[in-house]
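What follows is each chain in one-letter form.
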Amino acid sequence: MGKYINPFTDWGFKRLFGQEFSKDLLISFLNDLLVGELQVKNVVFKDKEELPSTKDQRGIIYDVYCETDKGERFILEMQNRWQPNFLDRSICYACRSVLEQVDKGKKERENAYRFLPIYTVCFMNYMPDHEELSKFRTDIVLADKESGEIASNKLRFIYLVLPLFKKNVDECVTDFDKWIYVLKHMEALSRMPFTAQKEIFKQLEEYADSHRLTRKEWEAYENSLWIARDNMACMAAAENAAKEKGMAEGRAEGRAEGRAEGRAEGMAEGMAKGMAEGKTKAIIETAKRLLNMGLDMEQVAQGTGLSIEEVRKLL
């Protein structure tokens, strides 16, 4: 077991950013995320009041919903693997918060459609499909398409694709970079970096230290680790199934092509061709899944036998 907890488990993320005793960490992170735009002094957690408490067991973690001292709402979500329509899903959660605010203000005519800003921050601990997001940080606002001028500051979506954050410890200049580096590498760290540069990381080190957990906390954390491992096992099983399916399809295509040619030689060539195509298809599918899991190009190339250039094309 590592010195520090895995922040990308349900329990781990909630411990660091969703508890009253550790809310200074959340406040510091939000201020560094939106440096120059917003200054949060305090937050009130609203998870149990407004949003469903149940979570499915497919790697989706909906952890933090809070209100700042000025009334802004923040939704923080951790997504550990690809899910269809994830961006649409994050928009739906923001809309839920809009409706909750509007419903409360509808008794006063002048406040019928008034609501305070909502920030949705999504940690994506996997490689998304190319058509979704292609850089580490994507900020989405309501703006004029032609001029880019912001039309409203009431809805803001920030997507952080963690596998695309490539900076090493010496390249982390901003406080936000330091946060992301620590969160991404925390489970593998032997000591907490940046503690001499930013006081909040000393507090982060204390709350993330796995050796300081009580027995009850340890059991809860261990359970969340088992869920994460089960998710990984399911993903591996899906990859193997896709590989077998590709091989079977290749053999079937080969037999069909061989029979159509009506010659033993044609059948052999067709089967060989089909099996090769099926194998290639399976390898490519496996490589894509490994990339979605967050592995870098070198690791994927080594695990699949593809070249770095072939893996780069998949990205």
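The shown structure was predicted, so the numbers you read here are calculated from the model rather than taken from an experiment.

Colleague: So what exactly am I meant to see when it comes to the pairing of strand β6 (residues 150–161) here?
Modeller: In summary, the side chains of a regular strand alternate between the two faces of the sheet. Both strand β4 (residues 118–124) and β6 contribute to a ladder of seven bridges, which runs parallel. Of the residues in β6, the one forming a bridge with Cys-122 is Tyr-159.

Colleague: For this particular structure, what's the right way to read helix α6 (residues 200–208)?
Modeller: Residues separated by three or four positions in an α-helix point in the same direction, a consequence of the helix having 3.6 residues per turn. The complete set of buried residues in α6 reads Ile-200, Phe-201, Gln-203, Leu-204, Tyr-207 and Ala-208. One face of α6 carries all of its buried residues, which in axial projection span an arc of 150°. If you follow the buried residues of α6, they end up packed against α1 (10–17), α2 (23–33) and α5 (175–185).

Colleague: Please clarify how the packing of α2 against α6 should be interpreted in this entry.
Modeller: How two helices sit against one another is set out by the angle between their axes and by the gap between those axes. In the contact formed by α2 and α6, the axes pass within 10 Å of each other and the chain directions differ by 135°. As summarised for this structure, α2 and α6 are arranged oblique, according to the angle between their axes. Crossing geometry of α2 relative to α6 is assigned as left-handed. Here Asp-24, Leu-25 and Ser-28 of α2 lie close against α6, whose contacting residues are Ile-200, Gln-203, Leu-204 and Tyr-207.

Colleague: Just checking my understanding: could you explain unusual backbone geometry for this structure?
Modeller: Across residues other than glycine, the phi torsion is negative in most instances, and most of the peptide bonds are trans. In this model, Phe-194 sits at a positive phi of 70°, which is unusual for a non-glycine residue. Topologically, Phe-194 is positioned in the loop between α5 and α6.

Colleague: Would you explain α1 in this entry?
Modeller: Where burial is concerned, most of α1 is hidden: six out of the eight residues are buried. Those residues of α1 lying buried are Trp-11, Gly-12, Phe-13, Arg-15, Leu-16 and Phe-17.

Colleague: So what exactly am I meant to see when it comes to the nonpolar core here?
Modeller: One broad rule of soluble globular proteins: the nonpolar side chains tend to lie buried together. Phe-17, Phe-29, Phe-74, Phe-123 and Leu-160 are the most contacted members of the largest nonpolar core, which has 50 residues in total. With residues near it in sequence (within four places) discarded, Phe-29 still touches Phe-17, Phe-123, Leu-160, Phe-176, Trp-179 and Ile-180. Counting 17 residues, the second-largest nonpolar core is a separate cluster that includes Phe-86, Ala-94, Val-102 and Tyr-126.

Colleague: Before we go on, may I ask you to explain the environment of Ala-220 in this structure?
Modeller: Positionally, Ala-220 belongs in helix α7 (residues 215–261). Residues Ala-220 and Trp-11, 209 residues apart in the sequence, show an inter-C-alpha distance of 6.9 Å.

Colleague: Help me understand the environment of Phe-8, please; the structure alone is not making it clear to me.
Modeller: Relative to the elements of secondary structure, Phe-8 occurs in the segment before α1. Under the relative-accessibility criterion, Phe-8 is labelled buried at 9%. Note: C-alpha distance between Phe-8 and Met-186 (178 residues apart in sequence) is 9.7 Å.

Colleague: Any chance you could explain the packing of aromatic side chains here in plain terms?
Modeller: Within a pair of aromatic rings, the relevant descriptors are the distance that separates the centres and the angle that separates the planes. Taken as a whole, this structure holds 17 aromatic pairs when the rule is applied. Ring centres 6.0 Å apart and planes at 70° place the aromatic pair Trp-218 and Tyr-221 in the edge-to-face group. Taken as a pair, Trp-218 and Tyr-221 lie in helix α7 at a separation of three residues, close to a single helical turn. In this arrangement the basic side chain of Arg-137 is found over the ring face of Phe-176, its NZ or CZ atom lying 5.1 Å from the centre. If you follow Lys-154 out to its NZ or CZ, it ends over the ring of Phe-115, 5.1 Å from the centre.

Colleague: I'm lost on the side chain of Ser-22 in this one. Help?
Modeller: One can find Ser-22 in the loop between α1 and α2. Once residues lying within four places of it in the same chain are set aside, the contact partners of Ser-22 are Arg-15, Leu-16, Phe-17 and Tyr-207.

Reading guide: rules and limits
- Residues numbered from 1 in each chain as written.
- Predicted model: local features only at pLDDT ≥ 70, side-chain atom pairs only at ≥ 80, totals over all residues.
- Heavy atoms only, no water.
- Pairing = 2+ DSSP bridges.
- Helix = DSSP H or I, 4+ residues; strand = E, 2+ residues; numbered from the N terminus.
- Buried < 20%, exposed > 50% of the residue type's maximum accessible area, 1.4 Å probe, protein only.
- Arc of directions from axis to C-beta.
- Contact = heavy atoms within 4.5 Å.
- Axes fitted to C-alpha atoms, helices over the stretch in contact; angles between N-to-C directions.
- Parallel < 35°, antiparallel > 145°, perpendicular 65-115°, else oblique.
- Left-handed = near helix turned anticlockwise from the far one by under 90°.
- Core = buried A, V, L, I, M, F, W, Y, C linked by side-chain atoms within 4.5 Å.
- Phe/Tyr/Trp six-rings, centres within 6.5 Å; stacked < 30°, edge-to-face > 60°.
- Lys NZ or Arg CZ within 6 Å of the ring centre and 35° of its normal.

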